[in-house]
Amino acid sequence: QVQLVESGGGLVLVGGSLRLSCAASVRTFSSYAMGWFRQAPGKEREFVGDIRRTVLTTNYADSVKGRFTISRDNAKNTVYLHMNSLTPEDTAVYYCAARRLDRNEYNFWGRGTQVTVFT
């Protein structure tokens, strides 16, 4: 079982930056791909990006490409979402997720952290 706890959400001005963290309680953290998803009010949850073993293997949604960066520290069992040039459209609850590298779907989820971008 994997437990995930997100932190770092909050209020941020348009154009600002924020870094989210997700701490995982698992013995073999490096064996998991870690993803970030978000859900805005009235919308379905959407994929933001994910990372496999190293920073060389990341994927991003087109809506955040060039603005968001995902990194991980396997020694700390933590994955990060660095968000820059934030817009009101980035306002959402952000969720961290995990899956074993040999699985296709994310099956472990955190409770989420709210990010609100205001003008």
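Look above for the structure.
Anyway, here's the lowdown on the structure attached to this text. Note that the structure is predicted; figures quoted are calculated from it, not measured.

Examining the pairing of strand 4 (residues 32-39)
In terms of burial, strand 4 is largely enclosed, as 7 of its 8 residues are buried. Bridge count for strand 4 against strand 5 (residues 46-51) is 5 bridges, and the pairing is antiparallel. Within strand 5, the position partnered with Arg 38 by the bridge is Glu 46. In this structure, the hairpin formed by strand 4 and strand 5 is closed by a connection of 6 residues, where Gly 42 is found at a positive phi of approximately 75 degrees.

Focus on the sheet that holds strand 7 (residues 68-73)
With antiparallel pairing, the 4 strands of this open sheet are ordered in space as 1-3-8-7. Each having just a single partner strand, strand 1 (3-7) and strand 7 make up the two edges of the open sheet. Averaged over all neighbouring strand pairs, the angle between strand axes comes to 20 degrees, with direction disregarded. In this structure, strand 3 (residues 18-25) lies alongside strand 8 (residues 78-83), joined through 6 bridges in antiparallel fashion. Following the sheet pairing, Cys 22 is matched in strand 8 by Val 79.

A look at the pattern of salt bridges
The tally for this structure, following the rule as stated, stands at 5 salt bridges. One salt bridge in this structure joins Arg 38 and Asp 90, with 2.9 Å as the shortest N-O distance. Of this pair, Arg 38 sits in strand 4 while Asp 90 sits in the loop between strand 8 and strand 9 (92-100), and the two are 52 residues apart along the sequence. Residue classification places Arg 38 among the buried residues on the basis of a relative accessible area of 6%.

The rules we used
- Residues numbered from 1 in each chain as written.
- Predicted model: local features only at pLDDT ≥ 70, side-chain atom pairs only at ≥ 80, totals over all residues.
- Heavy atoms only, no water.
- Buried < 20%, exposed > 50% of the residue type's maximum accessible area, 1.4 Å probe, protein only.
- Helix = DSSP H or I, 4+ residues; strand = E, 2+ residues; numbered from the N terminus.
- Pairing = 2+ DSSP bridges.
- Axes fitted to C-alpha atoms, helices over the stretch in contact; angles between N-to-C directions.
- Salt bridge = Lys/Arg side-chain N within 4 Å of Asp/Glu carboxyl O.

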